[in-house]
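# What the coordinates show
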Amino acid sequence: MLVFWESTRACLLACKHCRAEAIHTPMPNELTTAEAFQFVESLLSFGRPYPVLIITGGDVLMRSDAFEIVAYARSLGIPVGLAPSVTPKLTDGNIARMKELGVKVVSISLDGAKAETHEKIRGVAGHFSETVRAVERLVAAGFEVQVNTAVMEDNMHELPAVAKLLRDLGVHIWEVFFLIHVGRGKQSGELSAEACEDVSHFLYEASKYDMIVRTVEAPFFRRVVAARKAAEPFAQVNAGPLYEQLSRDLQELLGEPISQPRAQTSGTRDGKGIIFVSYDGTVYPAGFLPLPVGSIRQQTLSEIYRENEVLVGIREGQFSGKCSVCRYKDACGGSRSRAFAKYGDVLAEDPSCVYQPA
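Residues numbered from 1 in each chain as written. Predicted model: local features only at pLDDT ≥ 70, side-chain atom pairs only at ≥ 80, totals over all residues. Heavy atoms only, no water.

## Side note on the state of the cysteines
- Tallied over the entire structure, the rule returns zero disulfides.
- Counting only cysteine sulfurs, C353 is the nearest neighbor of C196, a cysteine outside any disulfide, at a range of 9.2 Å.
- Under the relative-accessibility criterion, C196 is labelled buried at 2%. (Disulfide = S-S within 2.5 Å. Buried < 20%, exposed > 50% of the residue type's maximum accessible area, 1.4 Å probe, protein only.)

## As for the packing of helix α6 (residues 159-169) against helix α9 (residues 241-254)
- At a minimum axis distance of 8 Å, the contact between α6 and α9 shows a crossing angle of 30°. When the interaxial angle is binned, α6 and α9 end up roughly parallel. Both α6 and α9 take part in a crossing whose hand is right-handed. Residues P160, A161, A163, K164 and R167 of α6 form the contact with α9, whose own contacting residues are L246, D249, L250, L253 and L254.
- The class makeup of the residues in the contact of α6 with α9 is seven nonpolar, no polar and three charged. (Axes fitted to C-alpha atoms, helices over the stretch in contact; angles between N-to-C directions. Helix = DSSP H or I, 4+ residues; strand = E, 2+ residues; numbered from the N terminus. Parallel < 35°, antiparallel > 145°, perpendicular 65-115°, else oblique. Left-handed = near helix turned anticlockwise from the far one by under 90°. Contact = heavy atoms within 4.5 Å. Nonpolar A, V, L, I, M, F, W, Y, C, P; charged D, E, K, R; others polar.)

## Focus: empty space enclosed by the protein
- Applying the stated criterion across every chain yields a total of two cavities of 30 Å³ or more.
- Its boundaries defined by the atoms lining it, the largest cavity holds a volume of some 120 Å³.
- Looking at the lining of the largest cavity residue by residue, the classes come out as seven nonpolar, two polar and four charged.
- Approximately 30 Å³ is the volume found for the second largest cavity.
- Considering the residues around the second largest cavity, the lining is formed by E205, Y209, S247, L250, Q251 and P257. (1 Å grid on protein atoms, 1.4 Å probe; cavity = no way out; pocket = protein on both sides within 12 Å on 5 of 7 lines; lining within 4 Å. Points joined across faces, edges and corners; volume = space filled by probe spheres on them.)

In short, geometric facts, not functional conclusions.
Structure (structure tokens):
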């Protein structure tokens, strides 16, 4: 169970695809420190194993009480991951404090293999070199570093070079976000369904370089992985020219694969093992799915998760269209966020999946 908490919308960056449409100052209705403590304590009602609390933003380090909240969660035995922005607030002192508090996983966003691409997306000159340096510092400090990459038309051809950069930096977890038209992401180039399929096949190849690869808002990656594992080593890959190019570039940069595939395909997805709490306590099935299902100021998160009709419908697979009859309905379930963005219906079929069930 993963609980994502958007602890603040304050951030010093101006990323053009930002889901939260973050601003430089906190929103007036943020959870107070006392409310944050109460929220963290309420996670115990899920029972053991306790959910993993991923504290994100905005920039989590923009909250003056961030480390107090982390310390309280850790005192209760709740695992915590942090997703800070690369800004002057990510100091060596703050990195050391995270380590002291028992944070094991820190995620950093890197959206290109060169400065021009990354900085065009992130909106800050010099941010690429700062991000690379931040990853180096976190790896050196002993964290399990996860790099998040938002894939879109602007950077999809650089994915092999990003994979090489991560290998060079000693990063072993790569989480690829398939852009959805929400927040400021409405102005960015979302991948076509065919490109989504090709990138998914490429990511399966990238996972053969001793790197855990997982996706966000691309649950069809699980179908691709299942089909590839079942068919190897004999089957021809049913993908297009983008996959062929990305795969060739990957081998040119990294040589032959060095490990078994490490593509991660756990059963969690929007509203099923994943839940999102916004800065003001409003609960959503996922960060990219702007459909409120409750508020932790009125109910505990476990009550909302277990009882809300939308969430129950998602978990029971009450989908329409081809998702309703797909053999991968439970393992994949389609992107509920993308269905909602496209059709206004959280249970509609995923418009970015090319698979046609029998």
